[in-house]
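# Understanding the architecture of this molecule
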Amino acid sequence: MHYRLEASDLQQLLDALKADGYALLGPQRQDNAILYDTLESAADLPQGWTDQQEAGQYKLKRREDAAYFGYVVGPRSWKRVFLPPRKRLWSATQQDGAWSIEEEPLPTQKVALIGVRACEIHAIAIQDRVLREGPYPDPYYTTMRAQSLIIAVNCTQAAPTCFCTSMDTGPNATFGFDLSLTELLEPDHGFVVEVGSPKGQALVETLGLPAANDPDQARAQAGVDQARKQIKRTLQRDDVKALLYRNLEHARWDEVASRCLSCANCTMVCPTCFCTEMEDITDLTGDHAERWQRWDSCFHGQFTHVHGGPVRQSTRSRYRQWLTHKLASWEDQFGTTGCVGCGRCIAWCPAGIDLTAEVKAFRESEHSQEKNKR
Amino acid sequence: MGALPAIRPMTPRPFRIEAVRPETPNVFTWTLRPTQEGEPLVFQPGQFNMLSIFGVGEVPISVSGDAEQSEILVHTIRSVGTVTQVMETKKAGDIIGVRGPFGNTWPLQAAEDCDVVLAVGGLGLAPMRPTIYHLLHHRERYKRVYLLYGTRTPKDILYPDELKAWSESGALDIRTTVDVGMDGWNGEVGLVTDLISDIRIDPYHSIAMVCGPEIMMHFTAKALFHRRIAPARIFLSMERSMRCGTGWCGHCQLGPTFLCKDGPVYDYPSIQAWLHKREL
């Protein structure tokens, strides 16, 4: 069952969520990018703006229409909601030689995520495998996931960096949401709404949304089809794991290392990268100590530090770790690839390194070796 | 994998240092006891704990005590980094933090009714000591037990009094070798792998457990293979950077596995492709 929400009533949806105790998080224009942050009202949404992306490029541009969700994805992903860039784990205080340890309270605020793309829903499901479904569920992550509500927005346009169709993660959301919206523009601006959960059904009933008519549903489908057609980047994923495992000592790693700055941008913008570092701090007296968990990256020099120095010293070995983890060993570890095809690592790489091109390079190298043998 | 700790897995419990025992240069052993009432920290041989100095940091250290003495916790530590160097300055009575135990265990049950070969290099004897205690407690369950031990110099030999006692009791056949001899050393000079050709085992009913630097384990596993011990019956304890113990932080990955939750103990076939490969 699909429903119709008028664009002018979008605020009512946000109000209903607020009335239900949710803090709203959603896209907005900040620092010349579209970022996810606390949302006060529909007026904060990046209405009339879009993003232009290419390898190593991201630029905002005015749209000619009033689309609320007329952009693709920005540098922030939703992972910061569940796995914050920095969070305190505990504090410890010393008194008379004895230490008492106080755990950081778990968050209690419910959050509604507005404008979650299909690829991002897959990214959240992938992080669930890592941080919620393993032998040690992360208490913060698990708590935030349990008290989050997801309003998906299906893509009706794609960026040149997108390749969700190769990764089978988009452009429309098929699971993992409470409501999904598909934006319809001229002549009558509104949304086709699909219900994905009982919570979503209750929202639709609170708002008293009418059923979407057939032409609206057809327009929504056409929008998604248009996004699918716009996607030109590809990554052949069925055998990429074996391909990378076969080529761990390939000269291509040296070639990509000559371009890679080991800056860690790709891991920061990636919606599935989950690596963190533990940081201990103390005050000047030494009687108060804290442990913080913060995002880390396999591109950092100290990431593999053991006595005697880091295991992965070269950029070659770090890029190899990142790419083989993302596309190969992730499958061994979590039964899924670690890539959702959002293209963030391509757009936000200052050197414009494109993982889809790197995978193709390995594949072509094998093809040409085969040919030479014959 | 044991049951989940009752408190959050990232929260340490305070333990008091009951005794500090100097071992070899830079190496010392702590005996620890929890400061608060609560469940004892029960571990299995092969597992490790995350030890914290509050405000300084946390490091993974294998348990080197007796698993059947759960009221105390024993760790042998080498002072090599920022955290362990501060640990070296701590005295009896001081409080530290402990999280754990983490990781999997040596295959002690599978080794029953078998000849057992323990091959250790350097400080690798420390994580192997809980296994030795177990073998000694249940000596009748095992056949011949060899401890093949290689260190850099005679001065680096860890737990010399215990080694002597174990050897004299006849419970273990201990063979020691050093890389570099010195005055007064009448023993072997050479690599652990050299000791393997002399042992008397039934290779079809043997289990080997190996702990030491990766290059030593690589060549030891090959030497054991050439004594016809099946690769699946050769076990290695791997080392990488470990920051959480729970599989969240990503640091300890080696190819398809997380050492902290899938390891640190692996049978040779499952780690062979990733062993002793540059910068993996």
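Residues numbered from 1 in each chain as written. Chains lettered and ligands numbered in written order. Predicted model: local features only at pLDDT ≥ 70, side-chain atom pairs only at ≥ 80, totals over all residues. Heavy atoms only, no water.

### With respect to the overall build of chain A
From N to C terminus, chain A includes 13 helices and 15 strands. Computed over its C-alpha atoms, the radius of gyration of chain A comes to 22 Å, within 12% of the 21 Å expected for a compact globule of 374 residues. The long-range fraction of contacts in chain A, counting pairs at least 24 apart against all pairs at least 6 apart in sequence, stands at 71%. Counting only carbon and sulfur atoms, one obtains 49% of the accessible surface of chain A, whose full area is about 15,500 Å². Across chain A, the centroid of the 42 positively charged side chains sits 7 Å from that of the 49 negatively charged ones. (Helix = DSSP H or I, 4+ residues; strand = E, 2+ residues; numbered from the N terminus. Rg over C-alpha atoms; globule rule 2.2 N^0.38 Å. Contact = heavy atoms within 4.5 Å. Areas by Shrake-Rupley, 256 points an atom, 1.4 Å probe, with all protein chains shown as cover. Lys, Arg positive; Asp, Glu negative; His and termini not counted. Charge placed at Lys NZ, Arg CZ, Asp CG, Glu CD.)

### Some remarks on the pattern of salt bridges
Any two side chains of opposite charge can pair, so long as their charged atoms come close to each other. Within the structure shown, the criterion is met by 44 salt bridges over all chains. A salt bridge links Asp188(A) to Arg4(A), with the shortest nitrogen-to-oxygen separation between them at 3.8 Å. With Asp188(A) in the loop between β10 (179–184) and β11 (190–195) and Arg4(A) in strand β1 (residues 2–6), this residue pair connects regions lying 184 residues apart in the sequence. A residue is classified by how much of its surface remains accessible, and Asp188(A), at 31% relative accessible area, is partly exposed. Measuring nitrogen to oxygen at the nearest pair gives 2.4 Å for the salt bridge that ties Glu18(B) to Arg33(B). Linking Glu18(B) in strand β1 (residues 13–22) with Arg33(B) in strand β2 (residues 27–34), this pair joins segments that are 15 residues apart in sequence. You can call Glu18(B) partly exposed: its relative accessible area is 40%. Look at the salt bridges and you will find they share partners, linking Arg4(A), Glu6(A), Asp188(A), Asp216(A) and Arg219(A) into a network. (Salt bridge = Lys/Arg side-chain N within 4 Å of Asp/Glu carboxyl O. Buried < 20%, exposed > 50% of the residue type's maximum accessible area, 1.4 Å probe, protein only.)

### Topic: the interface of chain B and chain A
Contacts between chain B and chain A engage 45 residues on the former and 48 residues on the latter. In total, chain B and chain A occlude about 4,000 Å² of area from one another, counting both sides; carbon and sulfur atoms represent 58% of this. Three residues, Arg8(B), Trp248(B) and Glu279(B), lead the burial of chain B against chain A; their summed loss comes to 21% of the area buried on that side. Along the contact surface separating chain B from chain A lie three salt bridges. (Buried area = accessible area lost by both parts, 1.4 Å probe.)

### Focus on the sheet that holds strand β3 (residues 48–53) of chain B
Residues and elements named next belong to chain B. Pairing within the open sheet is antiparallel, and its six strands lie in the order β4-β3-β6-β1-β2-β5. Lying at the two open borders of the sheet, with one neighbouring strand each, are β4 (57–62) and β5 (73–78). The average angle at which neighbouring strand axes cross in this sheet is 40°, direction not considered. In the sheet, β1 pairs with strand β6 (residues 95–102) via four bridges, with the strands oriented antiparallel. By the bridge assignment for β6, Arg16 is matched with Ile95. Contacts from helix α1 (residues 82–89) reach β2, β3, β4 and β5 within the one sheet, and its direction differs from that of β4 by about 80°. (Pairing = 2+ DSSP bridges. Axes fitted to C-alpha atoms, helices over the stretch in contact; angles between N-to-C directions.)

### Examining the packing of helix α9 (residues 252–259) of chain A against helix α11 (residues 315–334) of chain A
For any two helices packed against each other, one specifies the crossing angle of their axes together with the interaxial distance. All names here are of chain A. Running from N to C, α9 and α11 point in directions that differ by 105°, and their axes come no closer than 8 Å. When the axis of α9 is compared with that of α11, the two are roughly perpendicular. Residues Trp253, Asp254, Val256 and Ala257 of α9 lie in contact with α11, whose contacting residues are Thr315, Arg316, Tyr319, Arg320, Leu323 and Thr324. Its residues assigned to classes, the contact of α9 with α11 shows five nonpolar, two polar and three charged. (Parallel < 35°, antiparallel > 145°, perpendicular 65-115°, else oblique. Nonpolar A, V, L, I, M, F, W, Y, C, P; charged D, E, K, R; others polar.)

### Focus on helix α2 (residues 125–137) of chain B
Residues and elements named next belong to chain B. For α2, with 13 residues, the first-to-last C-alpha span of 18 Å sits near the 18 Å given by 1.5 Å per residue. Among the 13 residues that make up α2, 11 are buried, leaving the element largely enclosed by the rest of the structure. By the burial criterion, the buried members of α2 are Leu125, Ala126, Pro127, Met128, Arg129, Pro130, Thr131, Ile132, Tyr133, His134 and Leu135. (Expected span 1.5 Å × (residues − 1).)

### Considering the pairing of β10(A)
Within β10(A), six of the six residues are buried, which leaves the element mostly enclosed by the surrounding structure. The antiparallel pairing of β10(A) with β11(A) creates a hairpin that spans five residues between the two strands.

### A word on the pairing of strand β7 (residues 115–121) of chain B
Moving residue by residue along a regular strand, the side chains alternate between the two faces of the sheet. All names here are of chain B. Counting buried residues in β7 gives seven out of seven residues, a clear majority hidden from the surface. Side chains Asp115, Val117, Ala119 and Gly121 project from β7 onto one buried face, and the interleaved Val116, Leu118 and Val120 project onto a second face that is buried too. Note: β7 against strand β11 (residues 206–211), six bridges, orientation parallel. Considered in β11, the bridge of Val120 is made with Cys211. In this structure, β7 lies alongside strand β8 (residues 145–151), joined through six bridges in parallel fashion. The residue bridging Leu118 from the neighbouring strand is Leu147, located in β8. Running through α2, the crossover from β7 to the neighbouring parallel element β8 is right-handed. (Right-handed = clockwise from strand over helix to strand, strands pointing away.)

### Some thoughts on the sheet that holds β7(B)
Residues and elements named next belong to chain B. In space, the seven strands of this open sheet follow the order β10-β9-β8-β7-β11-β12-β15, with mixed pairing throughout. Unpaired on one side and paired on the other, β10 (188–189) and β15 (265–267) mark the two borders of the sheet. The strands that α2 touches are β7, β8 and β11; relative to β7, the one it contacts most, it runs at about 160°.

### Description of the domain arrangement of chain A
Residue and element names in this part refer to chain A. Each assigned domain of chain A is listed here: domain 1 (2–230) and domain 2 (240–373). Centre-to-centre separation of domain 1 and domain 2, based on C-alpha positions: 26 Å. At the junction of the two partners, domain 1 supplies 41 residues and domain 2 supplies 40 residues. Overall, the association of domain 1 and domain 2 removes approximately 3,600 Å² of surface from exposure, summing both partners, and the carbon and sulfur fraction of that is 61%. At the boundary of domain 1 with domain 2, the tally comes to three salt bridges. Here Arg86 and Glu279 are joined by a salt bridge, their closest N and O atoms 2.9 Å apart. Here domain 1 is connected to domain 2 by 25 residue pairs in polar contact (both at pLDDT 80 or more). Those elements that place two or more of their residues in the side of domain 1 that touches domain 2 are β4 (49–54), β5 (57–62), α2 (79–82), β6 (86–95), α3 (118–131) and α5 (164–167). The element best represented in the side of domain 1 that touches domain 2 is β6, accounting for nine residues. Taken together, the residues of the side of domain 1 that touches domain 2 sort by class into 20 nonpolar, 12 polar and nine charged. (Domains from an automatic or database assignment. Polar contact = N/O pair within 3.5 Å; in protein donor to acceptor, adjacent residues only side chain to side chain.)

### Looking at the domain arrangement of chain B
All names here are of chain B. Its domain assignment divides chain B into domain 1 (13–101) and domain 2 (115–237). Here the C-alpha centre of domain 2 lies 25 Å away from the C-alpha centre of domain 1. Taken together, the contact between domain 1 and domain 2 spans 18 residues of the former and 16 residues of the latter. Regarding the contact of domain 1 and domain 2, the summed buried area is about 1,300 Å², with carbon and sulfur atoms giving 57% of it. Taken together, domain 1 and domain 2 are joined by zero salt bridges. Here domain 1 and domain 2 share four residue pairs in polar contact (both at pLDDT 80 or more) between them.

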